[in-house]
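One-letter residues, chain by chain:
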Amino acid sequence: MPRIPLIAGNWKMFKTIPETVDFCLRLKDEITALQGKKVDVAVAPPFNSLAAAAQALRGTQVFLAAQDVFWAESGAYTGEVAPRMLKDAGCCMAIVGHSERRQYFHETDESVNRKAAALLKEGLIPIVCVGETLAERKEKLTFRVVERQIRDGLKGLAVNDPLQLVIAYEPVWAIGTGQTATPQQAQEVQAFIRKLLGEVFSPPIARGMRILYGGSVKPDNTAELMAMEDVDGALVGGASLEIKSFGQIIQRA
Ligand code: PEP
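Residues numbered from 1 in each chain as written. Predicted model: local features only at pLDDT ≥ 70, side-chain atom pairs only at ≥ 80, totals over all residues. Heavy atoms only, no water.

1. A few points about the overall build of the chain
Heads up, the condition is: Counting from the N terminus, the helices are DSSP H or I runs at least four residues long and the strands are E runs at least two residues long. Here the globule rule is a power law, 2.2 Å times the number of residues to the power 0.38, and the radius of gyration is based on C-alpha atoms. Burial status follows relative accessibility: with a 1.4 Å probe on protein chains alone, a residue under 20% of its type maximum counts as buried, one over 50% as exposed, and anything between as partly exposed. We call two residues in contact when some of their heavy atoms are within 4.5 Å. Here Asp and Glu are counted as negative and Lys and Arg as positive; His is not counted, and neither are the chain ends. A single reference atom marks each charge: NZ on Lys, CZ on Arg, CG on Asp, CD on Glu.
For the chain, the helix and strand inventory stands at 11 helices and eight strands. The C-alpha radius of gyration computed for the chain amounts to 17 Å, which stays within 12% of the reference 18 Å derived for 253 residues, consistent with globular compactness. C-alpha extents for the chain along the principal axes are approximately 45 × 45 × 35 Å. Burial statistics for the chain: of 253 residues in total, 54% are counted as buried. A separation threshold of at least 6 residues defines the contact pool for the chain, and within that pool the share at least 24 residues apart is 72%. Computing the positive centroid from 29 side-chain charges and the negative centroid from 29, the chain places the two 2 Å apart.

Written as structure tokens, this is what we have:
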């Protein structure tokens with residue numbers, strides 16, 4: 001079965017609620033213009049805008065994602081949001097392990113694993129981010145780092161359908177820098193990730209699971225990245241904030 005590409009926009013800490021609603025309504029028009037092209041689309045606004053985004057996207061196929069989650073079902077965890085609450089707000093996905101969360105908020109492979117497990121339990125799709133820093137790439141540690149993130153981050157997860165989970169390979173040196181990985185660099189690591197997924201889950205699950213590339217994806221480089229065998233879509237930061245560039249990326253996927 002061919003893998004349907006997924007283009008997911010990570011808005012990070014941008015956009016107010018009215019800006020979110022405006023964007024989502026415009027996105028509806030972009031999706032209509034796709035006229036049956038097979039590409040899935042997701043947006044990940046900040047927590048406070050999720051319910052408004054869900055309302056604005058009602059009646060579309062656009063997936064709503066959160067940018068993070070906490071693993072507990074409820075409790076005294078000030079500032080945190082549980083999987084069930086995300087579902088309640090209209091989400092069907094959540095990003096976990098984004099490099100900004102690993103860097104600034106002490107996210108570890110263990111916490112990524114707990115969050116992914118909690119999302120799966122609630123029937124939500126984790127988008128698990130992995131990727132090496134520039135120093136790690138220079139020291140030729142890319143494969144070792146990514147292997148640890150995949151094996152530890154996905155340990156023991158109950159996945160029996162490839163669409164239950166998405167991986168995003170996001171080399172940290174490419175995020176927000178304008179320095180996109182070459183299609184060959186992305187392919188090399190993503191083929192390696194798919195091989196690992198075969199060992200962690202099973203070869204059929206690995207074949208059907210979507211592996212996104214993230215890191216300075218723009219309309220101009222989308223097609224060449226997407227032409228790679230193991231690049232099944234993109235996690236887009238900066239270029240997902242403007243409907244024009246996000247729409248072009250979706251068109252070119
Ligand atoms: C991201 O934050 O996930 C990302 C890929 O950002 P950008 O596209 O801006 O590099």
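From this point, the narrative continues.
2. A look at unusual backbone geometry
For lysine 12, which is not a glycine, the phi torsion comes out positive at approximately 50 degrees. One can find lysine 12 in the loop between β1 (6–10) and α1 (17–33). Positive phi, normally seen in glycine, also occurs at histidine 106, with a value near 60 degrees. Looking at the element boundaries, histidine 106 is found in the loop between α4 (99–104) and α5 (109–121). Residue classification places histidine 106 among the exposed positions, given a relative accessible area of 66%.

3. Notes on α5
Here is the rule: By definition here, a helix of n residues has an expected span of 1.5 Å times n minus one.
With 13 residues, α5 ought to run about 18 Å at 1.5 Å a step, and its terminal C-alpha atoms sit 18 Å apart, in line with that. Those residues of α5 that sit buried are Asp109, Ser111, Val112, Asn113, Lys115, Ala116, Ala118, Leu119 and Leu120. Buried residues in α5 make contact with α3 (83–89), β4 (93–96), α4, β5 (125–130) and α7 (142–153). Looking one or two residues past α5, glycine 123 carries a phi angle of roughly 80 degrees, positive in sign.

4. Notes on the site of the ligand
Here is the rule: Throughout, the term near means that a residue has one or more heavy atoms lying within 4 Å of the molecule or strand in question. Counted as a polar contact is a pair of N or O atoms within 3.5 Å, where, for protein atoms, one must be capable of donating a hydrogen and the other of accepting one, and residues adjacent in sequence contribute only when both atoms are in side chains. Here the open area of atoms and residues is found with the Shrake-Rupley method and a 1.4 Å probe, where only the protein chains shown may cover a residue.
Around the ligand, the surrounding shell holds 14 residues, and the nearest of these are Lys12, Glu170, Gly176, Ser216 and Gly237. Between an oxygen atom of the ligand and a side-chain N or O atom of histidine 98, the distance comes to 2.9 Å. Measuring from an oxygen atom of the ligand, one finds a backbone N or O atom of glycine 176 at 2.7 Å. Look at the ligand: alone it shows 300 Å² of surface, and the protein chains cover 97% of it.

5. Quick notes on the packing of α5 against α7
Selection criterion: To obtain an axis, a line is fitted to C-alpha atoms, over the contacting stretch when the element is a helix, and the angle between two such axes runs from 0 to 180 degrees between their N-to-C directions. For classification purposes, an angle smaller than 35 degrees is called roughly parallel, one larger than 145 roughly antiparallel, one from 65 to 115 roughly perpendicular, and anything else oblique. Two helices cross in a left-handed way if the nearer one is turned anticlockwise from the farther one by less than a right angle. They cross in a right-handed way if the turn is clockwise. Gly counts as polar in this scheme, as do all residues outside two lists: the nonpolar Ala, Val, Leu, Ile, Met, Phe, Trp, Tyr, Cys and Pro, and the charged Asp, Glu, Lys and Arg.
The interhelical angle for the contact between α5 and α7, taken along N-to-C directions, is 40 degrees, at an axis separation of 8 Å. In terms of axis orientation, α5 runs oblique to α7. The chirality of how α5 crosses α7 is right-handed. On the side of α5, the interface is formed by Asp109, Val112 and Asn113, while α7 contributes Arg148, Gln149, Asp152 and Gly153. Its residues assigned to classes, the contact of α5 with α7 comprises one nonpolar, three polar and three charged.

6. Digging into the packing of aromatic side chains
Selection criterion: When two rings of Phe, Tyr or Trp (its six-membered ring) have centres within 6.5 Å they constitute a pair, described as stacked for plane angles under 30 degrees, edge-to-face for angles over 60, and tilted for the intermediate range. For a Lys NZ or an Arg CZ to count as sitting over a ring, it must be within 6 Å of the ring centre and within 35 degrees of the ring normal.
Considering all chains together, one arrives at seven aromatic pairs under this definition. Taken together through their ring pairs, the aromatic side chains of Trp11, Phe23 and Phe246 make up a single cluster. Geometry around tryptophan 11 places lysine 15 over its ring, the cationic atom sitting 5.4 Å from the centre. Sitting over the ring of phenylalanine 105, arginine 101 keeps its end group 4.1 Å from the ring centre.

7. Here's the deal with the pattern of salt bridges
Stated precisely, the cut-off is as follows: Salt bridge criterion: a side-chain nitrogen from Lys or Arg within 4 Å of a carboxyl oxygen from Asp or Glu.
If you walk through the whole model with that rule in mind, you get 18 salt bridges. Where aspartate 232 meets arginine 194, a salt bridge forms, and the shortest distance between an N and an O atom there is 2.7 Å. Separated by 38 residues along the polypeptide, aspartate 232 in the loop between α10 (219–226) and β8 (233–236) and arginine 194 in helix α8 (residues 183–200) bring together distant segments of the chain. Residue classification places aspartate 232 among the buried positions, given a relative accessible area of 5%. One connected set of salt bridges, linked through shared partners, spans Arg3, Arg194, Asp230 and Asp232.

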